[in-house]
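# Report on the structure
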Amino acid sequence: MKKYVVASIMILLLLLSTGVTMAQDVVLEFQQWWEPELPEGSFRAILDDFEAANPGIRVETISGPYLTTKDQIIASAATGTMADVVGLDGAWVNVLWKQGALHSLTQAMADADYDDSELAAQIRLAGETYMIPIANFIYPVFVNLDMLGAAGIDPPSTRAEFAAAAEALTDPDNNVYGWAQPLSLEQPNGIQNDTMSWLWATGGSMLDDMGQPNLAGNEQLADAMAYIKSLHDAGVVAPGAFAMKENEKVEEFVNERVAMIINTLAHFTLIRERNPDLNFDITALPAAEGYDGPRGLPYASWGIGISSNTEHKAEAWKLIDYLTSVEGNTKLTSIANAFPGNVNATPDFIQTDQLFMTAFEIFQEGYLANEFTGLPAAEELMRQFDEPFQFYLEGEMELEEFLEIAQEEWEAIFE
């Protein structure tokens, strides 16, 4: 036994004499809601691959449901105890940024001499990136092919084509309409997904160059809102829009009472399960006539960020670097049925489903556009736009007045 002790001491002395130390692994805490939503063990396998490629770094996951994770991350940010790496929803970023809880990813990328040209999107505040979307779920237009086919109509590509299709497919006597637009004030995300999306599809913006509200006097926005009003005036929008929620428009589509909706890819499985005989396809959001640039795609995403309090910022960035690389991002988005945060990654599932293949083509030809991500009180901004918008659609308010009121409400929130 003494021989072993002596040998061990000699080895240790030799290591010390040559300047080699026995360092402990860096342990990164990674809090997110993704692991429970993925096939069991699949997320851990991706992290194991990262650890194998980065000896000396270990990742411990803190996983839970979305709402629980949100509450825990915001609470831990207030006490300075946030995990080293966190999964982020774009709606949380502004709050965490104001608390100083997030490390600048712009700085992290600069420190690592990282080329960000492959990233599909970055969420910036005050000119700095604080969140990178790494798995994206886009909102294209879903169309009922049987209804379009019966009317001899192709899936629309422009606003004029969409209006013509919606009118041809509307049959009030049989309670069938061309389009459904949910505008519930209780759940106002219809402003994001079903309203502003018409602006983004034509390359427009609801913000100015400084990231401030740009509603009043915004010609592109005014044109988009006037177009939507023309659809309501034509009677092609499903009744009850002002109280309708997102899940209700999906029900209308599934039951073939609505021919077209703007909808998330996450509902593919739901629609197929609810109506296996439904013959539907997807297409990019129609753009204004004459516009031939890339189309903005409304989206939701799994984002990622680094705690400002972590002592392991360089190692934390290595994890993000891996998850946004072609290899890591392909693995993650393949198991999540999501589109990549790396423009050169190609998830496996698009090879096995024609609809996903079409969606991926739409994704590659367009760009991710959700300007509510990162804004202060994003849901309240939607609500404050929704209220005067409804008066405008009802003909009780002029377009300019509606946008001026929304502008004032937004400016107060931004302040």
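All of these numbers come straight from a predicted model, not from anything done at the bench.

Below, the discussion takes up the packing of aromatic side chains. Scanning the model with the defined rule gives 31 aromatic pairs in all. With 5.9 Å between their ring centres and 55° between their planes, Phe30 and Phe43 make a pair best called tilted. Here Phe30 is found in strand β1 (residues 26-32), whereas its partner Phe43 is found in helix α2 (residues 42-53), with 13 residues between them in sequence. Using a relative accessible area of 0% as the deciding quantity, one classes Phe30 as buried. Look at Trp34 and Trp302: their rings are 5.3 Å apart centre to centre, the planes differ by 5°, and that puts the pair in the stacked class. Here Trp34, found in the loop between β1 and α2, pairs with Trp302, found in strand β11 (residues 299-306); they are 268 residues apart in sequence, far enough to count as distant. The pair formed by Trp34 and Trp302 is uniform in burial state, with each residue classed as buried. Here a set of aromatic residues connected by ring pairs shows up, and it is made of Phe30, Trp33, Trp34, Phe43, Tyr66, Trp92, Phe137 and Trp302. In this structure, Arg159 is placed above the aromatic ring of Tyr227, and the distance from its NZ or CZ to the ring centre is 5.6 Å. Stacked on the ring of Tyr392, the Lys or Arg Lys229 has its end atom at 5.7 Å from the ring centre.

Moving on: the confidence of the model for the chain. When pLDDT is averaged along the chain, the result is 91; 94% of the residues meet or exceed 70. Here residues 1-6 scores under 50 on pLDDT; set against residues more than four positions off or in separate chains, the count is 0 contacts. Counted against residues more than four places away or in other chains, residues 15-22, with its pLDDT under 50, gives 3 contacts.

Bringing the side chain of Ser104 into the picture now. You can see Ser104 is positioned in the loop between α4 (90-98) and α5 (105-111). Side-chain polar atoms of Ser104 contact the backbone nitrogen of Gln107, separated by 3.1 Å.

Moving on, we come to the environment of Met196. With respect to the helices and strands, Met196 occurs in helix α8 (residues 190-200). Met196 sits 125 residues away from Asp321 along the chain, and the two C-alpha atoms are 32 Å apart.

At a minimum axis separation of 10 Å, helix α9 (residues 219-233) and helix α15 (residues 378-393) run at an interaxial angle of 50°. The orientation of α9 relative to α15 falls into the category oblique. Crossing of α9 over α15 shows right-handed handedness. Residue-level inspection shows Leu221, Met225, Ala226, Ile228, Lys229, His232 and Asp233 of α9 in contact with α15, the latter providing Phe385, Phe389, Tyr392 and Leu393.

The rules we used
Residues numbered from 1 in each chain as written. Predicted model: local features only at pLDDT ≥ 70, side-chain atom pairs only at ≥ 80, totals over all residues. Heavy atoms only, no water. Phe/Tyr/Trp six-rings, centres within 6.5 Å; stacked < 30°, edge-to-face > 60°. Helix = DSSP H or I, 4+ residues; strand = E, 2+ residues; numbered from the N terminus. Buried < 20%, exposed > 50% of the residue type's maximum accessible area, 1.4 Å probe, protein only. Lys NZ or Arg CZ within 6 Å of the ring centre and 35° of its normal. pLDDT = per-residue confidence, 0-100. Contact = heavy atoms within 4.5 Å. Polar contact = N/O pair within 3.5 Å; in protein donor to acceptor, adjacent residues only side chain to side chain. Axes fitted to C-alpha atoms, helices over the stretch in contact; angles between N-to-C directions. Parallel < 35°, antiparallel > 145°, perpendicular 65-115°, else oblique. Left-handed = near helix turned anticlockwise from the far one by under 90°.

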